[in-house]
Amino acid sequence: MQYHRFALIAFVAATALPLQAQEQVTLVAVKDNTLYESSSGAFSNALGDHIFAGTTNGGAIRRGVIAFDLSAIPSDAHIESASLRLNMSRAIISGAETIVLHRLLADWGEGTSDARNEPPAGEEGGGTSSTTGDATWIHRFFSTETWQHAGGDFEAPSSASAVVNANGNYTWGSTESMVADVQGWVNDPQTNFGWILIGAEAAGGTAKRFDSRENPTTANRPTLQITYSTGVAVEKIVSPALMLGNNYPDPFRSTSVVPFELDAPAHVQIQVYDVLGRTVKTLVDRTLSAGPHEVEISSVGMTSGLYAYCYQSYAGRQCRTMVVSR
């Protein structure tokens, strides 16, 4: 048995998924809009040149919403970093304000509303009349589908924040939360609703204006820069909070149990490999909640010998060995 354990070092290295060269993509937003505070949901700005976050001089709240198409990223990609870049082109009152990013929990739309010709021309701060399919303060899609909570449905913990002051480019991320957001959307595209931008809302005059995807200056449009790889080596350091336990019993004849624990919700893969590095079984391949979990291994289809089982999540990869003894 000691020989088997010693041989594990070479075995795991040989059966590790290859570490691929990192790829980087820069994506332009596929939709954005502003939620203008209104009890009727009468205002939107789907096709305007700008989106807003913060409050007006009169204390009315503005929240920007933005989303990106991630279909260019392979479905098996491991997201390494994610950062959002926006160009701030106007502040109601100059001064530093923190703009916070939150992951949206429901889909929303762009109709045909366009505030570019509303007075004062070119500013768009008051929005314009909502049209069919627009996101508004109370609607996800005007005027038939509403948010559960006025002002948008979003995850309470923030994904990132940035202090915005003078006109110019600003970046949110990369943060662990943004990486987790993007990884989740790659794993399950149906949950990709983007982010909401929330500024200082306790006082008036804090609103910041950002250039939208329709802005005539291409370089000022919102972009999301993502770095990813399509394979992660076993040797990659895994967060200590991501624990893969020893299977029990080991050795085993018919079944064994693998315990593991997640420090946050994540998409997890646990696969079994033989000594030639071939995949024998996939035990788990789905999104799981934070906390302790267990998965059972059946020896059906496996001969006696040494195997490795590997755990995959957004934070890394870890492997342990087991022995089937018939």
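Only a predicted model underlies this, so the values are computations on that prediction, with no experimental measurement involved.

1. Digging into the overall build of the protein chain
Here is step 1: Helix and strand counts for the protein chain stand at two helices and 22 strands.
Here is step 2: Per-residue burial for the protein chain yields a buried fraction of 50% across its 326 residues.
Here is step 3: Contacts in the protein chain between residues far apart in sequence, at least 24 positions, make up 75% of those at least 6 positions apart.
Here is step 4: As presented, the protein chain carries roughly 14600 Å² of accessible surface, and 51% of it is formed by carbon and sulfur atoms.

2. Remarks on the pattern of salt bridges
One side chain can pair with another of opposite charge once the charged atoms of both are near each other.
Here is step 1: Taken as a whole and assessed by the stated rule, the structure comprises eleven salt bridges.
Here is step 2: The partner of Glu-123 in a salt bridge is Arg-90, and the shortest N-O contact between them spans 3.8 Å. Placement of Glu-123 in the loop between β7 (97–103) and β8 (128–129) and of Arg-90 in strand β6 (residues 78–91) is noted, with a sequence separation of 33 residues between them.
Here is step 3: Residue class for Glu-123 comes out partly exposed when judged on its relative accessible area of 30%.
Here is step 4: Residue Arg-90 is classed as partly exposed on the basis of its relative accessible area, which comes to 33%.
Here is step 5: When the shortest N-O distance is used, the salt bridge between Glu-145 and Arg-140 registers 2.9 Å.
Here is step 6: Here Arg-140 falls in the buried class, since its relative accessible area comes to 16%.
Here is step 7: Taken together, the shared-partner salt bridges in this structure form one network comprising Asp-49, Asp-114 and Arg-116.

3. A short note on the layout of surface pockets
Here is step 1: Here the largest pocket defines a volume of roughly 520 Å³.
Here is step 2: Forming the walls of the largest pocket are 22 residues, and the residues nearest its centre are Arg-103, Glu-155, Ala-180, Asp-181 and Pro-265.
Here is step 3: Mapped by element, the contributors of at least two residues to the lining of the largest pocket are α2 (176–187) and β18 (266–273).
Here is step 4: No other element matches the eight residues that α2 contributes to the lining of the largest pocket.
Here is step 5: Residue composition of the lining of the largest pocket, grouped by class: seven nonpolar, nine polar and six charged.

4. Observations concerning the sheet that holds strand β17 (residues 255–262)
Here is step 1: Ordered by their spatial adjacency, three strands build an open sheet running β16-β17-β20, and the pairing between neighbours is antiparallel. Looking at strand neighbours, the two that pair on one side only are β16 (243–244) and β20 (291–298), the edges of this open sheet.

5. Some words on unusual backbone geometry
Here is step 1: Here the amide bond leading from Pro-119 into Pro-120 is cis, since omega sits at -10°, within 30 degrees of zero.
Here is step 2: Of note, Pro-120 is situated in the loop between β7 and β8.
Here is step 3: Cis geometry marks the peptide bond from Phe-142 to Ser-143; its omega dihedral reads -5°.
Here is step 4: Within the element layout of this structure, Ser-143 appears in the loop between β9 (139–141) and β10 (145–146).

6. Focus: the nonpolar core
Here is step 1: In this structure, Leu-70, Trp-172 and Ile-226 are the most contacted members of the largest nonpolar core, which totals 34 residues.
Here is step 2: Looking at this core element by element, the count peaks at six residues for β6.
Here is step 3: Among the nonpolar cores identified, the runner-up in size contains 20 residues, and Val-258, Leu-288, Tyr-307 and Tyr-311 belong to it.

7. As for the confidence of the model for the protein chain
Here is step 1: On average, residues of the protein chain score 87 in pLDDT, and 88% of them reach the 70 mark or higher.
Here is step 2: For the stretch residues 1–19, pLDDT sits under 50, and the model shows 32 contacts to residues farther than four places along the chain or on other chains.
Here is step 3: This model gives residues 232–240 a pLDDT under 50, and the stretch forms 24 contacts once residues within four places in sequence are excluded.

8. Details of the pairing of strand β11 (residues 160–164)
Here is step 1: Residue alternation in β11 divides its side chains into a buried set, Ala-160, Ala-162 and Val-164, and an unburied set, Ser-161 and Val-163.
Here is step 2: Here β7 runs beside β11; their pairing, made up of five bridges, is antiparallel. Considered in β11, the bridge of Ile-99 is made with Ala-162.

9. Quick word on the environment of Asn-167
Here is step 1: Positionally, Asn-167 belongs in the loop between β11 and β12 (168–173).
Here is step 2: With 76 residues separating them along the chain, Asn-167 and Ala-91 place their C-alpha atoms 7.8 Å apart.
Here is step 3: The contacts of Asn-167, once residues within four sequence positions are left out, are Met-88, Ser-89, Arg-90 and Ala-91.
Here is step 4: At a separation of 3.1 Å, a polar atom in the side chain of Asn-167 contacts the main-chain carbonyl oxygen of Ser-89.

Each value, and the rule that gives it
Residues numbered from 1 in each chain as written. Predicted model: local features only at pLDDT ≥ 70, side-chain atom pairs only at ≥ 80, totals over all residues. Heavy atoms only, no water. Helix = DSSP H or I, 4+ residues; strand = E, 2+ residues; numbered from the N terminus. Buried < 20%, exposed > 50% of the residue type's maximum accessible area, 1.4 Å probe, protein only. Contact = heavy atoms within 4.5 Å. Areas by Shrake-Rupley, 256 points an atom, 1.4 Å probe, with all protein chains shown as cover. Salt bridge = Lys/Arg side-chain N within 4 Å of Asp/Glu carboxyl O. 1 Å grid on protein atoms, 1.4 Å probe; cavity = no way out; pocket = protein on both sides within 12 Å on 5 of 7 lines; lining within 4 Å. Points joined across faces, edges and corners; volume = space filled by probe spheres on them. Nonpolar A, V, L, I, M, F, W, Y, C, P; charged D, E, K, R; others polar. Pairing = 2+ DSSP bridges. Core = buried A, V, L, I, M, F, W, Y, C linked by side-chain atoms within 4.5 Å. pLDDT = per-residue confidence, 0-100. Polar contact = N/O pair within 3.5 Å; in protein donor to acceptor, adjacent residues only side chain to side chain.

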